[in-house]
Amino acid sequence: MNSKRDILTGFLVGLIANTIGTLLYILLFSDLSIADTWNAAVEQEHVGSLLALGAILNLLAFFGFLRIRRDNRAKGVLMATVLTALVILYYKLT
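First, a word on what this report is: a plain description of the structure on this page. Since the structure is predicted, the reported quantities are computational estimates derived from the model, not experimental observations.

**Points about the packing of aromatic side chains**
Then, number 1: Enumeration over the complete set of coordinates arrives at three aromatic pairs.
Then, number 2: Ring geometry for phenylalanine 62 versus phenylalanine 63: centroids 5.2 Å apart, planes at 75 degrees, classification edge-to-face.

So this is what it looks like as structure tokens:
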């Protein structure tokens, strides 16, 4: 039972890290507001790129969990990263 909780924790950490990474990228490198940047990315079909750049923080979470031997949490982060990749694929194909 504890392993499922750890995987869920890692998954949530992965989603939160991706969200923070995306927002951090927008705040650091965009002159527009967060909403305006997101809308421009949707219009110009660059949402996948934004999400991919935001997923860089998942690397830190993944290797951090591996370093402290929390393998199931690292699995959850990996699952969140795969979900992000599927969302990026969806945006690229539509």
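From this point, the narrative continues.
**Digging into the environment of phenylalanine 62**
Then, number 1: Residue position: phenylalanine 62 is located in helix H4 (residues 56-67).
Then, number 2: Assessed through its relative accessible area of 23%, phenylalanine 62 is described here as partly exposed.
Then, number 3: For the pair formed by phenylalanine 62 and glycine 76, sequence separation is 14 residues and the distance between their alpha carbons is 8.7 Å.

**Topic: helix H5 (residues 71-93)**
Then, number 1: For H5, spanning 23 residues, the distance from its first C-alpha to its last is 33 Å, which sits close to the expected 33 Å at 1.5 Å a residue.
Then, number 2: Of all the positions in H5, only Ala74, Gly76, Val77, Ala80, Thr84 and Ile88 are classed as buried.
Then, number 3: Tucked inside the fold, the buried residues of H5 contact helix H1 (2-29), helix H3 (47-54) and H4.

**Some words on the pattern of salt bridges**
Then, number 1: Scanning all chains against the criterion turns up one salt bridge.
Then, number 2: Salt-bridge contacts for arginine 73 lead to aspartate 6; the nearest nitrogen and oxygen are separated by 3.4 Å. Taken together, the residues span a long stretch of sequence, with arginine 73 in helix H5 and aspartate 6 in helix H1 at a distance of 67 residues.

**With respect to the nonpolar core**
Then, number 1: The biggest cluster of nonpolar side chains holds six residues, and these are Ile26, Ala41, Val47, Leu50, Leu51 and Ile88.
Then, number 2: Broken down by element, this core gets its largest block of residues, three residues, from H3.
Then, number 3: Residues within four places of leucine 51 in sequence aside, it is in contact with Asn18, Thr22, Trp38, Thr84, Val87, Ile88 and Tyr91.

The rules behind each value
- Residues numbered from 1 in each chain as written.
- Predicted model: local features only at pLDDT ≥ 70, side-chain atom pairs only at ≥ 80, totals over all residues.
- Heavy atoms only, no water.
- Phe/Tyr/Trp six-rings, centres within 6.5 Å; stacked < 30°, edge-to-face > 60°.
- Helix = DSSP H or I, 4+ residues; strand = E, 2+ residues; numbered from the N terminus.
- Buried < 20%, exposed > 50% of the residue type's maximum accessible area, 1.4 Å probe, protein only.
- Expected span 1.5 Å × (residues − 1).
- Contact = heavy atoms within 4.5 Å.
- Salt bridge = Lys/Arg side-chain N within 4 Å of Asp/Glu carboxyl O.
- Core = buried A, V, L, I, M, F, W, Y, C linked by side-chain atoms within 4.5 Å.

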